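Here is what each chain is made of, one letter per residue.
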Amino acid sequence: MAKTLRTIKNPFFTSHPPSPFLHFSLLFFSPPKRASPRYLNHHHNHQARCSPQQIFLLLISLSLVFSGISFLASSSSGTCVSGISSSPLGFFISSDDPRRLLTSLAVSVPSTLLPLPARGGRSGNMTEEESEFWKQPNGEGYRPCLEFSLSYRKKAARVSKERKRFLVVVVSGGLNQQRNQIVDAVVIAAILEAALVVPVLQVNRVWVSSQTFSTWSISRKRLNQDVRVVSSLPSTHLMSRQTIENQIPWDVSPVWIRAKFFKQLNEEGLLVLKGLDSRLAKNLPPDLQKLRCKVAFHALRFTAPIESLGNRLARRMWIEGPYIALHLRLEKDVWVRTGCLTGLGSEFDRIIAETRMSQPRYLTGRLNLTYTERRLAGLCPLNAYEIARLLKALGAPRNASETLAHKGELLPYTNRSSALAAIDYIVSLSSDVFLPSHGGNMAKAMQGNRAYVGHRKFVMPNKRAMLPLMENPSVSDSELSRVARKLHGKSQGHPESRRGRRDRDVLAYPVPECMCRHAQIPYPEASTCQRHVQLDAWIQSL
């Protein structure tokens, strides 16, 4: 049974409302199959209405190297639940027959978010350059492996039945900040041997409107052998006034957590924590790292309406051919914090400059650098034009695309930034290629999740090397393409170990704690009857 996160208003936060220039996920795919049912039924029957901001950005896109860029509007950072083929996890299906690909999806799946199969560039109507662009990285045989130690399992058997000590955690921020805090809340509950109350979501007006809206749900069933998760405090632990612990330093260890809070929790039976973002150390004992992966990749789900819409959009893209999801960091806070110009015109640049001057504390690092110096140092997000040139240099196809969402489909989530970000996440996870214009929580989350489900292609732009070349008029397109492919040859989503790199997050680099070579996949296939039922439902939903 999944439990939905509860929400509370934040009466203390008085920042600006959601940014007018939101995050957009651009989706490119191979030429539509003219005979496909979806093309015949919908291509001429649906037209999407765009907001002024979307129209403005669409006009910009018309001047880009590629024609026909379509925008999926969301405001932060946005997968379909597919099955397992006869090969492990079924992510690398070699078939040109769409029916065989559809059939491979109709198998049972674990309680986790799985993407649709990657195409891998194997299509008869692609050029050699396009096939190379869509080609998936070599996963080197790595598979999820969450084998916990005997000592952990013995302790977890006791913790999962805990009824005296309760931990309440207040989470905040954008979608992926919420995710990280929920993950660490479960880990801290395990450290303190406490039951975890379903986390409380504190509404942050930068990320959502004044309306409260839950995005995440937690599967208690997936965690019933690790931590007891309850929907609310028992009446015996309700207090008229409870101290909230919100002065947690950075990078704290399990030893620090127990020394600081265990005695208090034992005496009072209740502990309320707030402000957990990036507080728990990145380097934890192996069992706790595995628990992080179990929570993030298996126990955490989006709420049913969000997941349903995200899956529908992902299937709509997937059935037409391979596609790329671009994460353009167009959020207002990104431009304020980085000290960069938006690339969207003087009016937007003026708004950002005024906000930055009124709140200089938000500017992060390198305070002595000018905008140009920041940009050439790789500290600014790539703008739409730079992304388009990079895609061309990497060999992306120049095909037309169509609007992803039908009229009214996103209407229920208007001004609900975290919900739109979740939809974006689902669609992005199923994309054959993912490319962010800048780092951040969404990029890290997508990097780790795509690795965990089979090391799907993930391209992190080398901005410091590419921008000077893009601005050098003596560098031809062919030379730019040669250099770009060489620079990004080893930055395609191949397995990367976090061993020896204490600054790396296990949720972005799940090797080696959460993934190992030749691991058994403990998820049985469905019966033939189940497969037929699931396949029929899948096809009818297209």
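Our subject is the structure listed above.
In short, a report on the structure. Because the structure is a prediction, the values reported are computed rather than measured. (Residues numbered from 1 in each chain as written. Predicted model: local features only at pLDDT ≥ 70, side-chain atom pairs only at ≥ 80, totals over all residues. Heavy atoms only, no water.)

## Observations concerning unusual backbone geometry
Backbone torsion omega between Val511 and Pro512 reads 10 degrees, so that peptide bond is classified as cis. Summarising the element assignment, Pro512 is placed in the loop between α17 (477-487) and β17 (515-517). Phi is positive for Glu193, close to 55 degrees, though the residue is something other than glycine. Here Glu193 is to be found in the loop between α6 (175-192) and β7 (195-197). One non-glycine residue, Asn415, adopts positive backbone phi at about 65 degrees. With respect to the secondary-structure elements, Asn415 resides in the loop between α13 (384-394) and α14 (417-430). (Helix = DSSP H or I, 4+ residues; strand = E, 2+ residues; numbered from the N terminus.)

## Quick notes on helix α5 (residues 150-159)
Listing the buried residues of α5 in full gives Tyr152, Ala156 and Val159. Across the axial projection of α5, the buried residues extend over an arc of 55 degrees, all falling on one side. Summarising the geometry of α5, the exposed residues directed more than 90 degrees from the buried face are Ser151 and Lys154. The inward-facing, buried residues of α5 abut α6 and α8 (286-299). (Buried < 20%, exposed > 50% of the residue type's maximum accessible area, 1.4 Å probe, protein only. Arc of directions from axis to C-beta. Contact = heavy atoms within 4.5 Å.)

## Notes on the state of the cysteines
For the structure on display, the rule yields three disulfides. Here Cys293 pairs with Cys514 through a disulfide, and the sulfurs are 2.0 Å apart. Torsion about the S-S bond of the Cys293 and Cys514 cystine: about 85 degrees, corresponding to right-handed handedness. Placement of Cys293 in helix α8 and of Cys514 in the loop between α17 and β17 is noted, with a sequence separation of 221 residues between them. On the basis of relative accessible area, Cys293 is assigned to the buried category, the value being 0%. Overall, Cys514 belongs to the buried group, its relative accessible area being 0%. With its sulfur 1.8 Å from that of its partner, Cys340 forms a disulfide with Cys380. (Disulfide = S-S within 2.5 Å.)

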